[in-house]
Amino acid sequence: MNGIAIAGSILVDKINEIKAYPQAGELTQIQSVMQAVGGCVPNVGIDIKRMRPDLTVKAVGKIGKDADGEFVNDTLANNGVLIGNVRTCDDKTSFTEVMSVKGGQRTFFTYAGASAQFGFGDFDFDSLQVKMLHLGYFLLLDKIDAGDGLRVLQEAKARGIKTSIDLVSENSNRYALVLPCLPYVDNLIINEVEAGALTGIEPKAENLREIAEKLMSYGVKERVIIHMPDVGVCLSKNGLTVLSSLDLPKGFIKGTTGAGDAFCAGALIGIYEDESDENILRRASLAAAAALSETDAISGMKDEKTIEKLYGNIRRKEICSLI
C-alpha cells in the first residue's frame, strides 16, 4: 500500500467583499465575489500534491449533487487528488458565506450540509489501499464526533494503516469527545489552543512540553505535534523537538487562512517519508510560510524545491527558553 488518504470536511468558501458591514435592516453593496475550496480534504490534499506531485493522494468525503460539489471535485482532480472515494448525497455541499470588509473584519455564515452526514459508512477500506489516513476536522463533523470517527480509526489501525487527526478550534466543552480516539491515533497534529483544551492546561509556550506529555499519556502512539504562531514542538519516543517559526519579513503575510492545514500537510509528508522529528517540523513550517504568502488557503503552495529555495534560508525566531 502507498499514498495518503485525506478524509473529512469538504466545503466551498464564498467570499463576498463589501464596503462596510450593515446594521440590521440596512443594505450594503457586494463589490466582488470569489469562490474557493475549503475544509481539511481540499486544503491538506491539494497542498500535499503541490508539494509532492509524485505522491498519491486520495480524497475521502461527502458533497452534494450540485454546482458547488462539481466545483470541489473539479478543483481536487485538476490538482491531481484522486476523487474516487468522494461520495454524494441529496443535501447541499457544505459552504461558508464570508462577508469581508476590505482591510477589516470578516464575518462567517456556514451551512453544515453534506459534510455533516459524512461517517464510517462512506469509507470503502477495501478500495482505499493507502499507507496513511488523515481524518479532520473533529468537532466539525456531526457523525464523526458522534462515534464514527473512532470506528474509522479502529478499522484503519486493524488494517495496518498509519493514522493521524486534527481538530477545529472552538470555545466549548466538547473536546472530551476526541479523547477516546487517541489510542487509535499514531500522529496528533493540532494547534496550541486545541492542545490546551484537550488537556486542561493553559496553552502557553512554556507549557507545551507538559501538554504534549499529557496527550501522549492519553494513548497517542507515535507523535504529538503542536504548532503555534512562533514555534512548533514534536514529542515522540525520541523526546521533545522544538523548532521556531520563520521570522518572515514585514508585509510578507497576505493571509492566515489555511496556514494550519499547510503545516499539517508538510508534517504528513515528513511522517510518510519516515523523517526525523526535526525535519518533520521543518517541512511543516516551510509549508506554512508558503500558505501565508497568499490570501486564500492553497494559492501560495508550491513544489518542495521551490519552497526550499524561497524560504529555506530565512532566519528563524528566537526559541522560548522555557520550553
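Remember, it's a predicted structure, so these values are computed and weren't measured experimentally.

Inspection of the entire model under this criterion finds 20 salt bridges. Residue Asp90 is joined to Lys65 by a salt bridge in which the shortest nitrogen-to-oxygen separation is 3.5 Å. On the criterion of sequence distance, the pair formed by Asp90 in the loop between β5 (82–89) and β6 (95–101) and Lys65 in the loop between β4 (57–64) and α2 (67–78) is long-range, its members being 25 residues apart. Neither residue differs from the other here; Asp90 and Lys65 are each classed as exposed. Note that Glu222 and Arg223 form a salt bridge whose closest N and O atoms lie 3.2 Å from each other. Among the residues examined, Arg223 registers a relative accessible area of 10% and is labelled buried. Within this structure, Lys162, Glu222, Arg223 and Asp277 form a network of salt bridges that share partners.

Right, let's get into the sheet that holds strand β13 (residues 239–244). If you walk across this open sheet you meet the 9 strands as β5-β4-β1-β8-β9-β10-β11-β12-β13, and the pairing is mixed. A single partner strand is all that each edge strand has here, and the edge strands are β5 and β13. If you compare each strand with its neighbour and ignore which way they point, the axes differ by 15° on average. Here α2 sits on the sheet in contact with β4 and β5, set at roughly 170° to β4. Across the sheet, helix α6 (residues 208–217) is in contact with β10 (187–191), β11 (223–228), β12 (231–236) and β13; its angle to β11 comes to roughly 145°.

Once that is clear, we can look at the nonpolar core. If you look at the biggest cluster of nonpolar residues, it comprises 98 residues, and the most contacted ones within it are Ile165, Leu167 and Leu215. Sequence-distant contacts of Leu215, that is, excluding residues within four places in its chain, are made with Leu182, Leu188, Ile190, Ala195, Leu198, Thr199, Val220, Val224 and Ile226.

This part covers the packing of helix α7 (residues 259–272) against helix α8 (residues 277–292). Helix-helix packing is described using two parameters, namely the angle between the two axes and the distance between the axes. At a minimum axis separation of 7 Å, α7 and α8 run at an interaxial angle of 150°. Handedness of the crossing formed by α7 with α8: right-handed. Within the contact between the two elements, α7 uses Ala259, Ala262, Phe263, Gly266, Ala267, Ile269, Gly270 and Ile271 and α8 uses Ile280, Leu281, Arg283, Ala284, Ser285, Ala287, Ala288, Ala291 and Leu292. Looking at the contact of α7 with α8, its residues break down into 13 nonpolar, 3 polar and 1 charged.

Our next topic: α6. Those residues of α6 lying buried are Leu208, Ile211, Ala212 and Leu215. Take α6 and look down its axis: the buried residues cluster within an arc of 95°, on one side only. Packing partners of the buried residues in α6 comprise β10, α5 (192–199), β11 and β12.

Each aromatic ring pair is characterised by the separation of its centres together with the angle its planes make. Scanning the model with the defined rule gives 4 aromatic pairs in all. Centre to centre, the rings of Phe118 and Phe123 are 5.3 Å apart; their planes meet at 45°, and the pair counts as tilted. Classification of Phe118 as buried rests on a relative accessible area of 0%. With relative accessibility at 10%, the residue Phe123 sits in the buried group. With a centroid separation of 5.4 Å and an interplanar angle of 15°, the aromatic rings of Phe123 and Phe125 are classed as stacked. Exposure class is identical for Phe123 and Phe125. Each is buried. Members of the aromatic cluster, each reached through a chain of ring pairs, are Phe118, Phe123 and Phe125. Across from the ring centre of Phe95, 4.7 Å away, lies the NZ or CZ of Lys14, which sits over that ring.

Summarising burial for strand β9 (residues 162–167): 5 of the 6 residues are buried, a large majority. Summarising the sheet, strand β8 (residues 132–138) and β9 pair through 5 bridges and their orientation is parallel. Each bridged residue has a counterpart across the sheet, and for Phe138 the counterpart in β9 is Leu167. Assessed by its sense of winding, the connection that carries the chain from β8 through helix α4 (residues 142–158) to β9 is right-handed. With 2 bridges joining them, β9 and β10 adopt parallel strand pairing. When the sheet's bridge partners are listed, Ile165 is paired in β10 with Leu188.

For the rest of this paragraph, the subject is the side chain of Arg283. The residue Arg283 is located in helix α8 in this model. Note on Arg283: relative accessible area 19%, which makes it buried.

Now for the packing of α5 against α6. Two numbers describe how α5 lies on α6: the axes approach to 10 Å, and their chain directions differ by 60°. Here α6 runs oblique to α5, going by the angle between their axes. α5 and α6 meet at a crossing whose hand is left-handed. Only Leu208, Ile211, Lys214 and Leu215 of α6 make contact with α5, whose side of the interface consists of Glu192, Ala195, Gly196, Leu198 and Thr199. Residue classes in the contact of α5 with α6 are distributed as 5 nonpolar, 2 polar and 2 charged.

Definitions and limits used
- Residues numbered from 1 in each chain as written.
- Predicted model: local features only at pLDDT ≥ 70, side-chain atom pairs only at ≥ 80, totals over all residues.
- Heavy atoms only, no water.
- Salt bridge = Lys/Arg side-chain N within 4 Å of Asp/Glu carboxyl O.
- Helix = DSSP H or I, 4+ residues; strand = E, 2+ residues; numbered from the N terminus.
- Buried < 20%, exposed > 50% of the residue type's maximum accessible area, 1.4 Å probe, protein only.
- Pairing = 2+ DSSP bridges.
- Axes fitted to C-alpha atoms, helices over the stretch in contact; angles between N-to-C directions.
- Contact = heavy atoms within 4.5 Å.
- Core = buried A, V, L, I, M, F, W, Y, C linked by side-chain atoms within 4.5 Å.
- Left-handed = near helix turned anticlockwise from the far one by under 90°.
- Nonpolar A, V, L, I, M, F, W, Y, C, P; charged D, E, K, R; others polar.
- Arc of directions from axis to C-beta.
- Phe/Tyr/Trp six-rings, centres within 6.5 Å; stacked < 30°, edge-to-face > 60°.
- Lys NZ or Arg CZ within 6 Å of the ring centre and 35° of its normal.
- Right-handed = clockwise from strand over helix to strand, strands pointing away.
- Parallel < 35°, antiparallel > 145°, perpendicular 65-115°, else oblique.

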